[in-house]
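Here is how the chains run, residue by residue.
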Amino acid sequence: MLGMLEALKIVGFSVLCAVIYGILHDQVTAHVSLEYFTVAHPPLFPTEQPFLLAIGWGIIATWWVGLILGAALACSARIGPWPKLGLEDVRRAIVMLMIVSGVLALVAGIFGWFLTNANVPGTIGFWASELPSDRHARFAFAAWAHSVSYLVGAIGGIIIMIRKVLRRRKLTQTNSASSTYSG
């Protein structure tokens, strides 16, 4: 029962971090390109206020990412015969993933903005025909930032899971070696 509680803590913390990340990320992108949320997304919220759209979409677009990350991370940290890891063993990795995702999303957004301003074709895809041309670079910023954020989150999540499994394996080998040595 206590083991399940620790797994739920990992999942809950992951969801919380993902939602906070999503809201902060969307605060930036909604203020840069309102059209990313009003043209490229279904109208789930009866507002065009960037602050409110960022809160709504920040929650809707990230809670499930945090749930998947948390569940997979809890499994990699707790399932099997190797020593179990708890929230304290994965907390820093989750926070670092959010920070790295945010930094790389910002870099990608700036890159997309520059590409669009340099008239590189295809930087915003079929959305170009849906937007006034003076809004293309701002839209590209948001689109590139969001795409890279998801990509980095997925790759980073997998890396964290692999690292935690390898750590558990190493703990088993260390415990085995120390018990052999003390005998």
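Cut-offs used in this document
- Residues numbered from 1 in each chain as written.
- Predicted model: local features only at pLDDT ≥ 70, side-chain atom pairs only at ≥ 80, totals over all residues.
- Heavy atoms only, no water.
- Axes fitted to C-alpha atoms, helices over the stretch in contact; angles between N-to-C directions.
- Helix = DSSP H or I, 4+ residues; strand = E, 2+ residues; numbered from the N terminus.
- Left-handed = near helix turned anticlockwise from the far one by under 90°.
- Contact = heavy atoms within 4.5 Å.
- Nonpolar A, V, L, I, M, F, W, Y, C, P; charged D, E, K, R; others polar.
- Buried < 20%, exposed > 50% of the residue type's maximum accessible area, 1.4 Å probe, protein only.
- Lys, Arg positive; Asp, Glu negative; His and termini not counted.
- Salt bridge = Lys/Arg side-chain N within 4 Å of Asp/Glu carboxyl O.
- Polar contact = N/O pair within 3.5 Å; in protein donor to acceptor, adjacent residues only side chain to side chain.
- Patch = residues over 30% accessible without salt bridge, like charges linked within 9 Å, V, L, I, M, F, W, Y side chains within 5 Å.
- Areas by Shrake-Rupley, 256 points an atom, 1.4 Å probe, with all protein chains shown as cover.

1. Points about the packing of helix H4 (residues 63-78) against helix H5 (residues 87-117)
- Where H4 meets H5, the axes come as close as 12 Å, and the angle between the chain directions of the two elements is 145 degrees. By crossing handedness, the relation of H4 to H5 is classed as right-handed. Touching Leu69, Leu73 and Ala77 of H4 are Val90, Ile94, Leu97 and Met98, all from H5.
- Among the residues making up the contact of H4 with H5, the classes are represented as seven nonpolar, no polar and no charged.

2. Points about the environment of Gly3
- Here Gly3 lies in helix H1 (residues 2-32).
- On the accessibility criterion, Gly3 (31% relative accessible area) is partly exposed.
- In the structure, Gly3 is positioned 81 residues away from Lys84 in sequence and 8.5 Å away in space, judged by C-alpha atoms.

3. Section: the side chain of Asp26
- Looking at where Asp26 falls in the secondary structure, it is placed in helix H1.
- Buried charged residue Asp26 carries no salt bridge. Nearest counter-charge: Arg138, at 15 Å.
- A polar contact of 3.1 Å, which involves the side chain of Asp26, links it to the backbone nitrogen of Gly58.
- Contacts of Asp26, omitting those with residues within four sequence positions, involve His31, Phe37, Ala54, Trp57, Gly58 and His146.

4. Overview of a nonpolar patch on the surface
- A cluster of nonpolar side chains, Val95, Met96, Ile99, Val100, Val103, Leu104 and Val107, forms an exposed patch at the surface whose accessible area comes to about 530 Å².
- The residue Val100 is located in helix H5 in this model.
- Using a relative accessible area of 38% as the deciding quantity, one classes Val100 as partly exposed.

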